[in-house]
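Below, each chain spelled out in residue letters.
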Number of protein chains: 2
Amino acid sequence: MRATIIHGAGDVRIEDVPDPKLQAPTDAVVRVLRSCICGSDLWPYGSLPASAEGQRIGHEFLGVVEETGTDVSGLKAGDVVVAPFVWADNTCDFCREGLQTSCRHGGTWGAGDVDGCQGEAVRVPQAQGTLVKLGVGEDDALLPSLLTLSDVFPTGHHCAVTAGVNPRTTVTVIGDGAVGLSAVLAAKRLGAERIILMGRHTARTDLGREFGATDVVPERGEEGIAKVRDLTGGDGTHTVLECVGLEPAVDTALGVVRDGGTVSRVGAPQYGQVSMDFGTFFRNITLTGGVAPARAYIDELLPDVLDGKIQPGKVFDRTVELEQVPTGYREMADREALKVLVTP
Amino acid sequence: MRATIIHGAGDVRIEDVPDPKLQAPTDAVVRVLRSCICGSDLWPYGSLPASAEGQRIGHEFLGVVEETGTDVSGLKAGDVVVAPFVWADNTCDFCREGLQTSCRHGGTWGAGDVDGCQGEAVRVPQAQGTLVKLGVGEDDALLPSLLTLSDVFPTGHHCAVTAGVNPRTTVTVIGDGAVGLSAVLAAKRLGAERIILMGRHTARTDLGREFGATDVVPERGEEGIAKVRDLTGGDGTHTVLECVGLEPAVDTALGVVRDGGTVSRVGAPQYGQVSMDFGTFFRNITLTGGVAPARAYIDELLPDVLDGKIQPGKVFDRTVELEQVPTGYREMADREALKVLVTP
């Protein structure tokens, strides 16, 4: 089959790879209907050392079950399913606690002999725990929004949940990428009435307003911090959703959070240290978040997507076919596209 | 009156200072019955640049109300009261949220024209909000335990509360100083059944066991982390109470916390940066805690002290008179004393 291989920074190719086959009785093979490119894919796209063999990439997809192992129940060929961006058995103690990203028998896509998801098909380990039936057809108009349940929307939701967003909390979302916009939508869904979006790309912040942002702050750094404080009587917001992953964004987050408040970070942090100095300490700031256990949230979020109450798929502003995935990477890296949907 | 002045590292003196007088209608003047030396006082004792004028020090005391301003109600001369280590109006929005350390009209002892607490008497700003009546006499045997409500016990309690300690969480406490031991006692009081205390001073860890520690790990660094992981099936504990304030202790905390768990830090951090890298991020570790709003907790903790259910005053292993406070500092700095109680 055809699948995406990244050979180094700026070097993504579509190549022939072995067809996926059941290897364990807990596996399934799924034909991909929709996949997409993640902001986090842009980190290796920007910096991966060159290699001849390259590595598989992509961790978001929905598709049609083609075959299931003998230990997989509740799934059959023809089911349309979505997969979270970390696979998991969904039965171990961590999974039962809702932390499928730390599953004792789970792992990440594209690692070892596990397929990446930007390809024609995927062998899914721990299929029964990983895959969620969607109950829609292969050409349903909701597929883009359903695909966001794989990663970007639960990631925004995880950010809002761990930050403690509720109807009584004010919210700052830092970053107008697909994760930031998803965080706005998630915060709105959780009842937040004041959502300040920090971002400077008008097309994106316009979607942010549509998703629920009440204010947009294009300024960055100290100027941005001053602006958010101006908007909140000098105090900052109870919760801050850091959806960029770079150190200046974390510093901004600590600058706009209200005393006693919470900064949650999602995405893929590109820094090692966070400034948690005595001032932050005296203000009782909590730093939380992490990689989103998407699987834990799909059951809760799916009905709202199926009902059309939320349309997280609006973050996709470009669609390419699998063979054009390298173009999709370039467009996202150049900020010509917000998030790229991939069709077969 | 006589009071403690710190003139620089290692240079603490008892000197004559002006008698406290009411300055605002919200003030009270309190004669000090008991004060004490805090682990955090040892930071300036170790590093404060020398100065001829020096500065007042001490932030923990209980005493007898001598005089109250015209706006102070509910307190009268003769009442025995305890003061939290940050004064506050206890009515602003932050105070109502239980974050009196961020009070809009509050402040710290020994700053500006506010008295330090290692002295004969103290002018208490925002007295009605700050002081809590204890309902005991001036020579009550419970005074040492009641004095801990000023700082050290609520600090341990804040650490346990913000970490989310409950009967279902395992706990590691890092540090066998007075704050660490108070954190053990607080965790036990909150129902924790497994409390691992990391500390190497036997007299202190023995008190830790008495307070509720189920395991003691004297090893530090990687060896200590390995030991705690051994004790917890490789996973670490759900909550980690970091009661040291130095960077290696934070690194240990991140090393012994279970995936999805929480590290809470109290005391007075002597570091600026915390390693919150991608590994920590992938494990969904929360970093919380901060300076303890002791005032928020006194009403809840006081009955248990009065009933004798808990005896947090056991952290005092040395008593000095006010004129001997410099000796108390030396003994604490040299680890000859765990925590020094000061009598008039």
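Anything mentioned here points back to the structure above.
Residues numbered from 1 in each chain as written. Chains lettered and ligands numbered in written order. Predicted model: local features only at pLDDT ≥ 70, side-chain atom pairs only at ≥ 80, totals over all residues. Heavy atoms only, no water.

1. Describing the relation of the copies chain B and chain A
For step 1, the next point in the chain: When chain B is fitted to chain A, the best match, at an RMSD of 0.0 Å, comes from turning it 180° and sliding it 0.0 Å along the axis. Taken together, the turn and the small shift mark the pair as related by a two-fold rotation axis.
For step 2, the next point in the chain: A symmetric contact is evident, with 100% of the interface residues of chain B recurring at the interface of chain A. (Least-squares fit on C-alpha atoms with pLDDT ≥ 70 in both. Contact = heavy atoms within 4.5 Å.)

2. A short note on the sheet that holds strand β1 (residues 2-8) of chain A
Residues and elements named next belong to chain A.
For step 1, the next point in the chain: The antiparallel open sheet is built from three strands, whose spatial order is β2-β1-β4. Every other strand in the sheet has two partners, leaving β2 (11-16) and β4 (55-56) as the edge strands with one partner each.
For step 2, the next point in the chain: Of the strand pairs in this sheet, β1 and β4 are connected by two bridges, and their pairing is antiparallel. The partner of Ile5 across the bridge, within β4, is Arg56.
For step 3, the next point in the chain: Packing of helix α12 (residues 325-333) onto the sheet brings it into contact with β1 and β2, and relative to β2 it is tilted by some 165°. (Pairing = 2+ DSSP bridges. Helix = DSSP H or I, 4+ residues; strand = E, 2+ residues; numbered from the N terminus. Axes fitted to C-alpha atoms, helices over the stretch in contact; angles between N-to-C directions.)

3. Structural notes on the pattern of salt bridges
For step 1, the next point in the chain: Counting across every chain of the model gives 54 salt bridges over all chains.
For step 2, the next point in the chain: With its nearest N and O atoms 2.8 Å apart, the salt bridge here joins Asp27 of chain B to Arg123 of chain B. In this pair, Asp27 of chain B sits in the loop between β2 (11-16) and β3 (28-36) while Arg123 of chain B sits in strand β9 (residues 121-124), placing the two residues 96 residues apart along the sequence. When sorted by exposure, Asp27 of chain B lands in the same class as Arg123 of chain B, which is buried.
For step 3, the next point in the chain: One connected set of salt bridges, linked through shared partners, spans Asp93, Glu97 and Arg104 of chain A together with Asp235 and Arg258 of chain B. (Salt bridge = Lys/Arg side-chain N within 4 Å of Asp/Glu carboxyl O. Buried < 20%, exposed > 50% of the residue type's maximum accessible area, 1.4 Å probe, protein only.)

4. Quick word on the side chain of His59 of chain A
For step 1, the next point in the chain: Locating His59 of chain A in the fold gives a position in the loop between β4 and β5 (61-68).
For step 2, the next point in the chain: Once residues within four sequence positions are removed from consideration, His59 of chain A is found in contact with Cys38, Ser40, Asp41, Pro84, Phe85, Trp109, Cys117, Ser150 and Asp151 of chain A.

5. Structural notes on helix α5 (residues 152-163) of chain B
Every α-helix carries 3.6 residues per turn, so stepping three or four residues along brings you back to the same face.
Residue and element names in this part refer to chain B.
For step 1, the next point in the chain: With 12 residues, α5 extends 17 Å between its outermost C-alpha atoms, agreeing within 8% with the 16 Å of an ideal straight helix rising 1.5 Å per residue.
For step 2, the next point in the chain: In terms of burial, α5 is largely enclosed, as 10 of its 12 residues are buried.
For step 3, the next point in the chain: For α5, every residue scored as buried is listed here: Val152, Phe153, Pro154, Thr155, Gly156, His157, His158, Cys159, Ala160 and Ala163.
For step 4, the next point in the chain: Turning to α5, the residues buried within the fold contact α6 (178-189), β14 (237-242), β15 (257-265), β17 (286-289) and α11 (294-306).
For step 5, the next point in the chain: Just downstream of α5 lies Gly164, where phi reads positive at about 85°. (Expected span 1.5 Å × (residues − 1).)

6. Quick notes on the pairing of β3 of chain B
All names here are of chain B.
For step 1, the next point in the chain: Within β3, eight of the nine residues are buried, which leaves it mostly tucked inside the rest of the structure.
For step 2, the next point in the chain: Where β3 meets strand β5 (residues 61-68), seven bridges bridge the pair, whose relative direction is antiparallel. Bridge pairing in β5 places Arg31 opposite Val64.
For step 3, the next point in the chain: Here four bridges tie β3 to β9, and the two strands are oriented antiparallel to one another. Across the sheet, the residue bridging to Arg31 is Ala121, located in β9.
For step 4, the next point in the chain: Bridge count between β3 and strand β19 (residues 340-343): two bridges; the pairing is antiparallel. Each residue of the ladder has a partner; that of Ser35, found in β19, is Val342.

7. A word on the environment of Thr148 of chain A
Residue and element names in this part refer to chain A.
For step 1, the next point in the chain: Assignment of secondary structure puts Thr148 in the loop between α4 (143-147) and α5 (152-163).
For step 2, the next point in the chain: For Thr148, a relative accessible area of 1% puts it in the buried group.
For step 3, the next point in the chain: Leave out the neighbours within four places in its chain, and Thr148 touches Phe153, Pro154, Pro312, Gly313, Val315 and Phe316.

8. Some thoughts on the environment of Asn90 of chain B
Residue and element names in this part refer to chain B.
For step 1, the next point in the chain: Relative to the helices and strands, Asn90 resides in the loop between β7 (86-87) and α2 (93-96).
For step 2, the next point in the chain: Sequence separation of Asn90 and Arg104 is 14 residues, and the distance between their C-alpha atoms is 9.5 Å.
For step 3, the next point in the chain: Among the polar contacts listed, one links the side chain of Asn90 to the side chain of Gln100, at a separation of 2.8 Å. (Polar contact = N/O pair within 3.5 Å; in protein donor to acceptor, adjacent residues only side chain to side chain.)

9. A few points about the sheet that holds strand β4 (residues 55-56) of chain B
All names here are of chain B.
For step 1, the next point in the chain: One open sheet accounts for three strands, arranged β2-β1-β4; its pairing is antiparallel. Each edge of the open sheet carries a strand with a single partner, namely β2 and β4.
For step 2, the next point in the chain: Helix α12 (residues 325-333) rests against β1 (2-8) and β2 of the sheet, and its axis sits at about 165° to β2.

10. A few points about the packing of aromatic side chains
Residues and elements named next belong to chain A.
For step 1, the next point in the chain: With the rule as written, the count across this model stands at eight aromatic pairs over all chains.
For step 2, the next point in the chain: Seen from their ring centres, Phe278 and Phe281 are 5.7 Å apart, and the 35° between their planes marks the pair as tilted. On the criterion of helical spacing, the pair formed by Phe278 and Phe281 is a turn pair, its members being three residues apart in helix α10 (residues 278-282).
For step 3, the next point in the chain: Judged by relative accessible area, which is 1%, Phe281 ranks as buried. (Phe/Tyr/Trp six-rings, centres within 6.5 Å; stacked < 30°, edge-to-face > 60°.)

11. Comments concerning the packing of α5 of chain A against helix α6 (residues 178-189) of chain A
Residues and elements named next belong to chain A.
For step 1, the next point in the chain: Direction vectors running N to C along α5 and α6 enclose 60°, while the axes themselves pass 7 Å from each other. With respect to each other, α5 and α6 are oriented oblique. The crossing of α5 and α6 is right-handed. Seen from α5, the contacting residues are Val152, Phe153, Thr155, Gly156, His157 and Ala160; seen from α6, they are Ala178, Val179, Ser182, Ala183, Leu185, Ala186, Ala187 and Arg189.
For step 2, the next point in the chain: Across the contact of α5 with α6, the residue classes tally to nine nonpolar, four polar and one charged. (Parallel < 35°, antiparallel > 145°, perpendicular 65-115°, else oblique. Left-handed = near helix turned anticlockwise from the far one by under 90°. Nonpolar A, V, L, I, M, F, W, Y, C, P; charged D, E, K, R; others polar.)

12. Notes on unusual backbone geometry
For step 1, the next point in the chain: One non-glycine residue, Gln126 of chain A, adopts positive backbone phi at about 50°.
For step 2, the next point in the chain: Here Gln126 of chain A lies in the loop between β9 (121-124) and α3 (127-130).
For step 3, the next point in the chain: Look at Arg335 of chain B: it is not a glycine, yet its phi comes out positive at around 60°.
For step 4, the next point in the chain: If you trace the backbone, Arg335 of chain B turns up in the loop between α12 and β19.

13. Observations concerning α12 of chain B
Residue and element names in this part refer to chain B.
For step 1, the next point in the chain: Residues of α12 that are buried include every one of Val325, Gly328, Tyr329, Glu331 and Met332, and no others. Within α12, the buried residues cover an arc of 165° as seen down the axis, which keeps them to one side.
For step 2, the next point in the chain: Contacts made by the buried residues of α12 are with β1, β2, α1 (42-47), β18 (318-321) and β19.
For step 3, the next point in the chain: Downstream of α12 by a residue or two, Arg335 has a phi angle that is positive, lying close to 60°. (Arc of directions from axis to C-beta.)

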